[in-house]
Amino acid sequence: MKQLKLTGFVIFLFFLTESLTLSTKPQDVDDVSITQKFIEENVGYITIIIFAQYIQEASFEEVEMLVKTMTEYRDKCLADMTLPECSKLANDVLLENICALEGLPQKHNFSHCCSKVDLEKKLCFFHHKKADVGFLPPLPTLDPEEKCQTYKNNRESFLNNYIYEVSRRNPFVFAPTLLTVAARFEEMTKTCCEEQDKANCFRTKAEPVIQYLKASSSFQKNVCGALIKFGLQVLESINVAILSQKFPKIEFKELTSLLEDVSAKYDGCCEGDAVQCIRGRSKVMSHICLKQDSISSKIQECCEKKIPERGECIISSNKDDRPKDLSLREAKFTESENVCEERDANQTSFMAEFLYEYSRRHPELSTPELLRIAGVYEDLLKECCHTENPPDCYRHAEHRFNETTEKSLKIVQRECERSQNLGKEDLKYYYLIKLTKIAPQLSTEELTFLGKEMVTALTTCCTLSEEFACVDNLMDLVLGELCGINENRNINPDVDHCCKTNFAFRRSCFEGLEADKAYVPPSTFQGLFTFHTDLCQAHKEELQRKKDRAPKWQSNARLLEKYKVKPTKGCGEKRNTDLTCFLSILWWILLSEKNTMKRFFCNLYLKSCYCSKQ
């Protein structure tokens, strides 16, 4: 249940951290000064986050050089804000200093970005980010005793290094989230270093921090991808759905005002402007707390907290209670005679109000499903408003909405049934093979990660009362990971079509995909498998023992790489020694697995007469 709650928090988190420069509305003066002080005190951490996310290859020593430069810049401007350089935007100053580090642009291949200016420069650095961090070395690990001693000896360097390692491995996570992770990491370190069993303490307390980071990363990449590929209108629709479910008693006029603030500088966090993110998050929180009487009854205690803690408290607060006088349906959208006229007067506002009214009445639905309903309604009005009797046409809209939800519900039910029938292990292989069929161009690491995330979504959600919304939200996040954040990410025509055609309906699009028939696989098995000389002669018990000792990731990698390669010889031809050996090993593995596992390998993987005869 905690995992589900975290997912809900993260869905709301994007709104709180994405949108974030609100210069058009008044804000409490104390909030502004406290936020500014927070930024000044954390210049080092913010610099590390921006640099490590933009230039992931940079060494910690190179990052420390920039931290020193930016700290000196801060001190100089605090002493005299009238200096010309102190009037620049913080992110612009930081990028200038990155480019000024001698030899660094050439060393890490971003000198072309340094020759650009303003927005083009920022976008160039953004596109330099790499989602696949397989090129980085393994994350350094320290013995618990050594970790505690390092923290005790030099707290600042210890935390700087942690933020550096986490930031460059999560290049699209928003700065406020990374600062929260760093704060929780230090709190964990302080606690565990006082414990006798330090290792167990770190292991136990690290898990929720890791889950928070993963969930935040997945959602932020998903929605930033929607913004970059589909534009501001889709982003605003997402925010309308999320806010209307979170705060069902908010009036539409107040929601519109809040959305104006949210979208004022919408691209800041998605492009990595850490200072803008932090300032904007504080301003959004101030807006919510200043109007809390008309927004939510659940956040009073949160709004009494200090700014850094206040945001996390509001994120983790429960959805507000549905107003008692809220009808089950809003008649103006299906029963009014003037629907078409109202739509034509201001289509954007009209559709936003429909989504607001529908979302606040349906807390049980997922965000993607609410967007689907809005899409169905918009298409229905396009059709009805050109008929002789529009009211008679759109009067049956609720039936269309129910049909849409029923289709989505059946997909979720089918997936949960599959999860229960196969079990976690076989379900993992099912999705590994399914993903490999539709997107064989992806790396083994990406396929394994996506398959694991799909299994996690189902095993987390399928026993909960909120099953539908939970599964649909989390599976949509996995598709967001698959589609990626950049508009220039291309996998294959079918997958790209699903990723870029319709954000709300991409899940049903993926449901209909079959194997990529145009994929040209490697023509050889060479190098994919290495076996000990005695392995094929081993007894069944010995094979099982060696199989159990092999790392699971290695088995997955071999499965996926092997599946990508089409057999080059017919069933009657002589196979080479490696392949014969592999088949022998595979058969012993199949004997020890469930029948479903055997069927997956035979029908979907080997596709050879060897399997067909078994």
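What counts, and at which threshold
- Residues numbered from 1 in each chain as written.
- Predicted model: local features only at pLDDT ≥ 70, side-chain atom pairs only at ≥ 80, totals over all residues.
- Heavy atoms only, no water.
- UniProt positions renumbered as here; feature names shortened; annotations may be inferred.
- Helix = DSSP H or I, 4+ residues; strand = E, 2+ residues; numbered from the N terminus.
- Contact = heavy atoms within 4.5 Å.
- Areas by Shrake-Rupley, 256 points an atom, 1.4 Å probe, with all protein chains shown as cover.
- Buried < 20%, exposed > 50% of the residue type's maximum accessible area, 1.4 Å probe, protein only.
- Polar contact = N/O pair within 3.5 Å; in protein donor to acceptor, adjacent residues only side chain to side chain.
- Phe/Tyr/Trp six-rings, centres within 6.5 Å; stacked < 30°, edge-to-face > 60°.
- Lys NZ or Arg CZ within 6 Å of the ring centre and 35° of its normal.
- Core = buried A, V, L, I, M, F, W, Y, C linked by side-chain atoms within 4.5 Å.
- Axes fitted to C-alpha atoms, helices over the stretch in contact; angles between N-to-C directions.
- Parallel < 35°, antiparallel > 145°, perpendicular 65-115°, else oblique.
- Left-handed = near helix turned anticlockwise from the far one by under 90°.
- Nonpolar A, V, L, I, M, F, W, Y, C, P; charged D, E, K, R; others polar.
- Expected span 1.5 Å × (residues − 1).
- Disulfide = S-S within 2.5 Å.
- Arc of directions from axis to C-beta.

- The name that an unreviewed UniProt entry assigns to the chain is Albumin domain-containing protein, with the source organism given as Felis catus.
- Regarding the chain, the relevant UniProt record gives this comment under Subcellular location (unreviewed entry): "Secreted".

## Some thoughts on the overall build of the chain
- The secondary structure content of the chain amounts to 33 helices and zero strands.
- For the chain, the share of sequence-separated contacts (at least 6 apart) that also reach a separation of at least 24 residues comes to 76%.
- Counting every atom, the chain has about 30,000 Å² of accessible surface; 51% of that belongs to carbon and sulfur.

## Brief notes about the environment of Lys107
- Topologically, Lys107 is positioned in helix α6 (residues 104-107).
- Look at Lys107 and you get exposed, because its relative accessible area is 56%.
- Distance from Lys107 to Glu57, taken between C-alpha atoms, is 9.5 Å for residues 50 residues apart in sequence.
- In this structure the side chain of Lys107 is engaged in a polar contact, spanning 2.8 Å, whose partner is the side chain of Glu62.

## Considerations on the packing of aromatic side chains
- Tallied over the full model, the rule gives 19 aromatic pairs.
- Note on Tyr54 and Phe125: the rings are 5.5 Å apart at their centroids and 55 degrees apart in plane angle, and the pair reads as tilted. Note that Tyr54 is positioned in helix α3 (residues 43-54) and Phe125 in helix α8 (residues 118-128), a separation of 71 residues in sequence.
- Judged by relative accessible area, Phe125 falls into the buried class, the value being 0%.
- On the basis of an interplanar angle of 0 degrees and a centroid distance of 3.6 Å, the ring pair of Tyr162 and Phe185 is categorised as stacked. Taken together, the residues span a long stretch of sequence, with Tyr162 in helix α10 (residues 155-169) and Phe185 in helix α11 (residues 175-192) at a distance of 23 residues.
- Through a chain of ring-to-ring contacts, three or more aromatic side chains come together here, namely Phe333, Phe350, Phe354, Tyr358, Tyr377 and Phe401.
- Over the ring of Phe135 we find Lys130, and its NZ or CZ is 5.6 Å from the ring centre.

## Points about the nonpolar core
- Of all hydrophobic cores here, the largest spans 97 residues; its most connected members are Phe354, Tyr377 and Phe510.
- Here Phe510 is in contact with Ile438, Leu479, Leu482, Cys483, Val495, Cys498 and Cys499, once residues within four sequence places are set aside.
- With 57 residues, the next largest nonpolar core counts Tyr45, Phe60, Leu94 and Tyr151 among its residues.

## A few points about the side chain of Gln53
- Along the chain, Gln53 turns up in helix α3.
- Looking at Gln53, its side chain comes within polar contact range of the main-chain oxygen of Pro171, at 3.5 Å.
- Of the polar contacts made by the side chain of Gln53, one reaches the backbone oxygen of Val173; its length is 2.8 Å.
- Those residues in contact with Gln53 that lie beyond four places of it in its chain are Lys129, Ser167, Asn170, Pro171, Phe172, Val173 and Leu178.

## Details of the packing of helix α24 (residues 397-438) against helix α25 (residues 444-461)
- Running from amino to carboxyl end, α24 crosses α25 at an angle of 165 degrees, the nearest separation of the two axes being 8 Å. If you check the angle between α24 and α25, you find them roughly antiparallel. Where α24 crosses over α25, the two elements pack in a sense that is right-handed. Between α24, through Glu415, Ser419, Lys424, Leu427, Lys428, Tyr431, Leu432, Leu435 and Thr436, and α25, the contact on the second element is made entirely by Leu447, Thr448, Leu450, Gly451, Met454, Val455, Leu458 and Thr459.
- Its residues assigned to classes, the contact of α24 with α25 shows nine nonpolar, five polar and three charged.

## Considerations on the environment of Ile485
- Structurally, Ile485 can be placed in the loop between α26 (467-483) and α27 (493-501).
- Note on Ile485: relative accessible area 6%, which makes it buried.
- Sequence separation between Ile485 and Ile228 is 257 residues, and the spatial gap between their C-alpha atoms is 7.2 Å.
- Contact partners of Ile485, with chain neighbours within four places excluded, come to Phe126, Phe172, Lys221, Cys224, Gly225, Ile228 and Lys229.

## Considering the packing of helix α4 (residues 60-79) against α10
- It is the contact of α4 with α10, at a shortest axis distance of 11 Å, that shows an interaxial angle of 110 degrees. With respect to α10, the axis of α4 lies roughly perpendicular. Taken as a pair, α4 and α10 cross one another with a handedness that is right-handed. Contact with α4, carried on its side by Phe60, Val63 and Glu64, involves Ser157, Asn160, Asn161 and Tyr164 of α10 and no other residues of that element.
- Tallied by class, the residues present in the contact of α4 with α10 amount to three nonpolar, three polar and one charged.

## Quick word on α3
- Between its terminal C-alpha atoms α3 stretches 16 Å, which fits the 16 Å expected from twelve residues at 1.5 Å a residue.
- In terms of burial, α3 is a largely internal element, twelve of the twelve residues being buried.
- Turning to α3, its buried residues number three or more, namely Val43, Gly44, Tyr45, Ile46, Thr47, Ile48, Ile49, Ile50, Phe51, Ala52, Gln53 and Tyr54.

## Observations regarding the state of the cysteines
- Under the criterion given, the structure shown has 15 disulfides.
- The partner cysteine of Cys302 in its disulfide is Cys313, sulfur to sulfur 2.0 Å. Looking along the S-S bond of the Cys302-Cys313 disulfide, the torsion reads about -65 degrees, which is the left-handed sense. Here Cys302 is found in helix α18 (residues 300-303), whereas its partner Cys313 is found in helix α19 (residues 307-316), with eleven residues between them in sequence. The same class applies to Cys302 as to Cys313, namely buried.
- The partner cysteine of Cys461 in its disulfide is Cys470, sulfur to sulfur 1.9 Å. An S-S torsion of about -55 degrees defines the bridge between Cys461 and Cys470 as left-handed. Cys470 matches Cys461 in its accessibility class, with the two residues each being buried.

## Topic: helix α9 (residues 144-153)
- Listed in full, the buried residues belonging to α9 are Lys147, Cys148 and Tyr151. Angular distribution of buried residues about the axis of α9 spans 95 degrees; they occupy a single face of the element. Residues of α9 that are exposed and angled more than 90 degrees away from the buried face: Lys152 and Asn153.
- Contacts from the buried residues of α9 go to α10, α11 and α12 (198-230).
- Of the residues flanking the start of α9, the one acting as N-cap is Asp143, its side-chain oxygen 2.9 Å from the backbone nitrogen of Glu145.

## Observations concerning unusual backbone geometry
- Notably, Asn109 is not glycine yet its phi reads approximately 60 degrees, a positive angle.
- Here Asn109 shows up in the loop between α6 and α7 (111-114).
- In this structure, Asp118 is a non-glycine residue whose phi angle is positive, near 55 degrees.
- Tracing the sequence through the fold places Asp118 in helix α8.

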